[in-house]
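Notes for the structure review
The chain contents come next:
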Amino acid sequence: MRTKRTELADLGTFLAIARHRSFRRAGLELGVSASALSHALKAMEARLGVRLINRTSRSVTLTAAGDDLLASLDAPFAAIGSALDVLNQHREPTKATGRIRLNVLEHASTLLLAPVLPPFHERHPQVEIDVRVSNNLLDVVEAGADAGIRYGGTVPQDMVAQRLSADLRWVVVGAPAYLDRHGTPDHPRDLGAHRCLRIRLGDDSLYRWEFERAEEQIALEAPGSVTIDNTQFALSLTVAGGGLAYLPEPCVGPSVAQGELRVVLADWAPMGPGFHLYYPGRRQLPTGLRLLIDLIRELKPLGL
């Protein structure tokens, strides 16, 4: 039986709502309003004679029929998307088009993407990039993203990962005025007498500051009355004398060079995994995303 064009559009609408579990986010992906999606879904359900989605003011969930339809459509629509993207390979690289949706950590946005996106858009002005910056460990599939960028040790095992940077050194920094007043720690255990800016991770746990020297390794809960999850806020507080911060060395480099901050416990500074791009193995990378990866590896803003 021949499928009508409007029916294919309705199926695409259903898939977007099912992936996002949100009419608003699905509407942002498709470029239409949430109310328009709601009307389209109601018309589709009326035509099929079965409810696909349960929706309340607080949640969007799939019915049993919706689950069955999603399982049947996900792979074929992914294959169609891959087939269409193959056509982009026949374009001139400078004529690449499309939209890339990324979910990235805050550090990846400032250290990796910010230096690369301006030259990328000079080369590929018709490629749109939609970046969601979040330190929460989101499922890129459920978030509707093409790929994500995380530190290497946190990439889900069922994802394909590609390294985008060298490993990073993590350092403790403080403002000269703070260190003159409270002293400079010589050993990680000396941090017990200091005010430290504690780090809240994306899963709502507190990060244990890690140190390494020769064969000795130490991980400790940094003492302090301030807990943060934003690097720029941490830098501003530290420069103002609010305490000691634990951050990737590239984040603090400009402030250290200007004399606003000093690195302490330098001989204890460990190396941590670099950034990796990750995506579901069953998906073919969009042409624009492959071009972005190529440019990151060409420019190497954090080494490779």
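For the structure, check the block above.
Here the residue index of a chain counts from 1 through its sequence in written order. Since the coordinates come from a predicted model, pLDDT governs what is reported: local features require at least 70, and pairs of side-chain atoms require 80 or more to be given and counted, while whole-chain, interface and lining totals use all residues. For the side-chain quantities, the full set of heavy atoms in the structure was used; hydrogens and water were omitted.

Relative accessibility thresholds used throughout: buried, under 20% of the residue-type maximum; exposed, over 50%; partly exposed, between the two (1.4 Å probe, protein chains only). In DSSP terms, a helix is any run of H or I states spanning at least four residues, a strand is any run of E spanning at least two, and both are numbered starting from the N terminus. Among the seven residues that make up strand β7 (residues 168-174), six are buried, leaving the element largely enclosed by the rest of the structure. Here, any two strands with at least 2 DSSP bridges between them count as paired. Here β7 runs beside strand β14 (residues 271-272); their pairing, made up of two bridges, is antiparallel. Directly across from leucine 168, in β14, lies its bridge partner glycine 272. Note that β7 and strand β13 (residues 262-264) share three bridges and pair antiparallel. Among the inter-strand pairings, valine 172 is bridged to a residue of β13, identified as valine 264.

What follows deals with the nonpolar core. As used here, the term nonpolar core means buried Ala, Val, Leu, Ile, Met, Phe, Trp, Tyr and Cys residues forming a set that is joined through side-chain atoms within 4.5 Å. Core analysis: the largest hydrophobic core is formed by 59 residues, its most contacted members being Ile149, Trp209, Phe211, Phe275, Leu289 and Leu292. Contact definition: two residues touch when any of their heavy atoms are within 4.5 Å. Isoleucine 149 has contacts with Asn103, Val104, Leu105, Ala108, Leu112, Leu113, Leu164, Phe275, His276, Leu277 and Tyr278, leaving out every residue within four places of it along the chain. Counting residues in hydrophobic clusters, the runner-up holds 17 residues, among them Leu11, Ala16, Ile17 and Leu70.

Time to look at helix α2 (residues 23-30). Three or more residues of α2 are buried, namely Phe23, Ala26, Gly27 and Glu29. Viewed along the axis of α2, the buried residues span an arc of 160°, placing them on a single side of the element. Exposed residues on α2 whose side chains face more than 90 degrees from its buried face are Arg24 and Leu28. Counting of polar contacts relies on pairs of N or O atoms within 3.5 Å, with two restrictions inside protein: one atom must be capable of donating a hydrogen and the other of accepting it, and residues adjacent in sequence are counted only when both atoms are side-chain atoms. For α2, the side-chain oxygen to backbone nitrogen distance between the N-cap and arginine 24 is 3.3 Å, and the N-cap itself is serine 22. Remark: glycine 31 follows α2 within two positions and exhibits a positive phi of approximately 75°. Note: the arc covers the axis-to-C-beta directions of the helix.

With 13 residues, helix α9 (residues 287-299) extends 19 Å from end C-alpha to end C-alpha; this agrees with the ideal 18 Å at 1.5 Å per step. If you check which residues of α9 are buried, you get Thr287, Gly288, Leu289, Leu291, Leu292, Ile293, Leu295 and Ile296. In a helix, the anticipated span is given by 1.5 Å times the number of residues less one.

What follows is about the pattern of salt bridges. Here, a salt bridge means any side-chain nitrogen of Lys or Arg that lies within 4 Å of a carboxyl oxygen of Asp or Glu. Taken as a whole and assessed by the stated rule, the structure comprises 10 salt bridges. In this structure, the salt-bridge partner of aspartate 204 is arginine 200, at a minimum N-O distance of 3.6 Å. Judged by its relative accessible area of 32%, arginine 200 is partly exposed. Of the charged contacts, one joins aspartate 267 and arginine 213 as a salt bridge, the two residues approaching to 3.2 Å between their closest N and O atoms. With aspartate 267 in the loop between β13 and β14 and arginine 213 in strand β9 (residues 209-213), this pair connects stretches of sequence that are 54 residues apart. Judged by its relative accessible area of 45%, aspartate 267 falls in the partly exposed class. Using a relative accessible area of 34% as the deciding quantity, one classes arginine 213 as partly exposed.

The pairing test for Phe, Tyr and Trp rings, Trp by its six-membered ring, is centres within 6.5 Å, and the orientation test on the planes gives stacked under 30 degrees, edge-to-face over 60, and tilted for anything in between. Inspection of every chain in the model, using the stated rule, returns seven aromatic pairs. On the numbers, 5.8 Å between centres and 55° between planes, the contact of tyrosine 151 with tryptophan 170 is tilted. Of this pair, tyrosine 151 sits in strand β5 (residues 147-151) while tryptophan 170 is found in strand β7, placing the two residues 19 residues apart along the sequence. For tryptophan 170, a relative accessible area of 14% corresponds to the buried category. A network of ring pairs unites the aromatic residues Tyr151, Trp170, Tyr207, Trp209, Phe211, Tyr246 and Phe275 as a single cluster.

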